[in-house]
Amino acid sequence: MAPPPPELIDDVTAEILLRLPPAEPACLFRAALVCKRWLRVICDPAFLRRYRAFHRTPPLLGLLHGLPVTDGNPGPTFIPIAAAPRFRHPWSDDRRSRDQGYRHLQDLDCRHGRVLSDVVDESVGFIVWDPVTGDHQALPVPGIDIPWMTYTSAVLCGAVDCDHLDCHGKNFRVVLVGSNNTLNTLWASVYSSETSAWSTPISIDYDCDNYVGTSRGALIGDEIYFLLSRGTAIVKYNWGKNRLSLVNPPPPPLEAYNGWVTLMVMEDSSLGLAGIKNSNLHMWLRKVNTEGSAEWIQSRVIELETMTPMAKHGPYVVGFAENVSLIFVSTGFSLFAIEPDSGQVRKIPKRGVSYDVLPYMSFCTPGSRYTGITSEDFLISVVHPTLKIDGSIILSVLLFASESYYYEAVSILLRNSIINGARATMISCHCSC
């Protein structure tokens, strides 16, 4: 009988595992189940730091979008992309939160591994949620007494010198921008998790009958941009200088796109905008010269009819994912992701009508207290292809899920006949050793 092949040394193993795609989190989880040595390599904090630095861009794990009241469920919906966990939204699983009035949420933004939700409640203004860790924090209502105000908001990492590859557990900021048509006033305030307080609001006057829209903003450096309704103007807030200003949109009037446009961050970190007119996707970019003067340049026009039959069904732009350069287009009941550079189009399965899509981007790896892994569909997708389960699977669950989720993970494995009662008892004894 031939001797078994020699095992790879840990350094070589790490170099191989380093190249597993972060957009398919199940790959790294499955690799962690091969043996305890691989599990130790993958869960090593030094390896995880190298893994994030090697891939540089957090992957797109899923999309959040709100459903209209006519669908019977106005709450936000998470759509996983590829083999990613179906993260639990805090409004749906926490009975105490529902009792306190968190039933009706509207997701406003996803950025730097967090989700920002607007809460219909008198005592709570917003919820900042980290889907990967499961942590969520309620923010107080801003002390702004303005009647008939409309507003939008953005969440961003507040840590100094952060590379935004692993923002979990760090300080964050929430930028709130609102408008009042009666007073013709725009105002802004910033919440800091470090001080647990909102800043004193600032405001400017504007001569416009439109209001701040709820579409996702674009973050470029210290500046965050939001659209006014019907695209009549763009609001710019510099949170570093605490300054509000208005930016003119590109010609022609954005009403030519039926009001459905989205702001983007271009590859050169300039402000961009996309909209569809006559079945063509128009992309604009804002160039600023050394003297500070800016002009809009039409960068591309893409004929959608040559790419997909969706162009025949009145498509409109509903979102954009920075760093991965994806534009999301809806036809009402179908949602598509378009990669302008390659021309690739992918249909995304979902239910209901999409009016605004928020991309959730983050690394999801073993080795931390991840609650998303206890999602039954994700756990089964990771475990079932192996068919042969030993103690390492529960050990790994304990490593990347909090201990309070241990028995839930075991019950999932039992319920799906992946392990039996005797096996579960043996694994529990093995883990306690």
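Within each chain, residue numbers correspond to sequence positions counted from 1 in written order. pLDDT decides what is reported in this predicted model: residues at 70 or higher carry local features, side-chain atom pairs at 80 or more are listed and counted, and totals for whole chains, interfaces and linings draw on all residues regardless. Calculated side-chain values reflect all of the structure's heavy atoms, with hydrogen atoms and water omitted.

1. A closer look at the sheet that holds strand 17 (residues 271-277)
Next up, step 1: Pairing between two strands requires that DSSP report at least two bridges joining them. The numbering of helices and of strands both runs from the N terminus, where a helix is a DSSP run of H or I of at least 4 residues and a strand a run of E of at least 2. Pairing in this open sheet of four strands is antiparallel, and the strands run 16-17-18-19 from one edge to the other. Across the chains shown, the open sheet's two edge strands, defined by having one partner strand only, are strand 16 (261-265) and strand 19 (294-303). Geometrically, the sheet is characterised by an average inter-axis angle of 25 degrees between neighbouring strands, direction not taken into account.
Next up, step 2: Where strand 16 lies against strand 17, five bridges are found, and the strand directions are antiparallel. Its bridge partner lying in strand 17, Leu263 is registered against Leu273. To get an axis, fit a line to the C-alpha atoms, keeping to the stretch in contact for a helix; angles then go from 0 to 180 degrees between the N-to-C directions.

2. Here we look at the confidence of the model for the protein chain
Next up, step 1: The predictor's confidence in any single residue is recorded as pLDDT, a number from 0 to 100. The predicted model of the protein chain has a mean per-residue pLDDT of 76, with 70% of residues at 70 or higher.
Next up, step 2: For the stretch residues 371-377, pLDDT sits under 50, and the model shows 25 contacts to residues farther than four places along the chain or on other chains.
Next up, step 3: Residue contacts follow a heavy-atom distance rule, with two residues in contact if any of their heavy atoms lie within 4.5 Å. Low pLDDT (under 50) marks residues 384-407, which in the prediction has 55 contacts with non-local residues, meaning those over four places away or in another chain.

3. Concerning the packing of aromatic side chains
When we look at a pair of aromatic rings, we describe it by the centre distance and by the angle of the planes.
Next up, step 1: Any Phe, Tyr or Trp ring, taking Trp's six-membered ring, that has another such ring centre within 6.5 Å forms a pair; planes under 30 degrees apart are called stacked, those over 60 apart edge-to-face, and the others tilted. Taken as a whole and assessed by the stated rule, the structure comprises seven aromatic pairs.
Next up, step 2: With centroids separated by 6.1 Å and ring planes inclined at 80 degrees, the aromatic side chains of Phe126 and Tyr151 adopt a geometry described as edge-to-face. Here Phe126, found in strand 5 (residues 126-129), pairs with Tyr151, found in strand 7 (residues 149-157); they are 25 residues apart in sequence, far enough to count as distant.
Next up, step 3: Relative accessible area serves as the criterion here: at 24%, Tyr151 is assigned to the partly exposed category.
Next up, step 4: Geometrically, the ring pair formed by Phe126 and Trp198 is tilted, given 6.0 Å between the ring centres and 50 degrees between the ring planes. With Phe126 in strand 5 and Trp198 in strand 10 (residues 197-198), this pair connects stretches of sequence that are 72 residues apart. The residues Phe126 and Trp198 share a single accessibility class, namely buried.
Next up, step 5: Of the aromatic side chains, those joined through ring pairs into one cluster are Phe126, Tyr151, Phe172, Tyr191 and Trp198. Note on exposure labels: buried denotes an accessible area under 20% of the residue type's maximum, exposed denotes more than 50%, and partly exposed covers the range between, all computed with a 1.4 Å probe on protein chains only.

4. Considering unusual backbone geometry
Note: most residues except glycine have negative phi, and most peptide bonds are trans.
Next up, step 1: At Ser196, a residue that is not glycine, the phi angle is positive and equals roughly 55 degrees.
Next up, step 2: Along the chain, the position of Ser196 falls in the loop between strand 9 (185-192) and strand 10.
Next up, step 3: A residue is classified by how much of its surface remains accessible, and Ser196, at 46% relative accessible area, is partly exposed.

5. Notes on the sheet that holds strand 6 (residues 136-139)
Next up, step 1: Across the sheet, four strands lie side by side as 3-4-5-6; this open sheet has antiparallel pairing. Of all strands in the sheet, those bounded by a partner on one side alone are strand 3 (105-111) and strand 6. Sheet twist, expressed as the mean angle between neighbouring strand axes with direction ignored, is 20 degrees.
Next up, step 2: Summarising the sheet, strand 5 and strand 6 pair through four bridges and their orientation is antiparallel.

6. Re the pattern of salt bridges
Next up, step 1: Criterion for a salt bridge: a side-chain nitrogen of Lys or Arg within 4 Å of a carboxyl oxygen of Asp or Glu. Going through the model one piece at a time under the given rule, you end up with 10 salt bridges.
Next up, step 2: With a closest N to O distance of 2.5 Å, Arg50 and Glu15 form a salt bridge. Placement of the pair is Arg50 in helix 4 (residues 45-55) and Glu15 in helix 1 (residues 10-17), with a sequence separation of 35 residues.
Next up, step 3: Linking Glu223 and Lys236 is a salt bridge whose minimum nitrogen-to-oxygen distance equals 3.7 Å. Of the two residues, Glu223 sits in strand 13 (residues 223-227) while Lys236 sits in strand 14 (residues 234-238), which places them 13 residues apart along the sequence.
Next up, step 4: One network of salt bridges, in which partners are shared, links Asp109, Arg111, Arg216 and Glu322.

7. Things to note about the nonpolar core
Next up, step 1: By nonpolar core is meant a set of buried Ala, Val, Leu, Ile, Met, Phe, Trp, Tyr and Cys residues that side-chain atoms within 4.5 Å join together. One finds Val175, Val177, Leu186, Ile224, Leu228, Tyr237 and Leu244 to be the most contacted residues of the largest nonpolar core, which totals 18 residues.
Next up, step 2: Elements with a minimum of two residues in this core: strand 7, strand 8 (172-180), strand 9, strand 13 and strand 14.
Next up, step 3: Among the elements that take part in this core, strand 9 stands out by supplying three residues, more than any other.
Next up, step 4: Setting aside residues up to four positions removed in sequence, Leu244 forms contacts with Leu186, Trp187, Ala188, Ile202, Ser203, Ile204, Val235, Lys236 and Tyr237.

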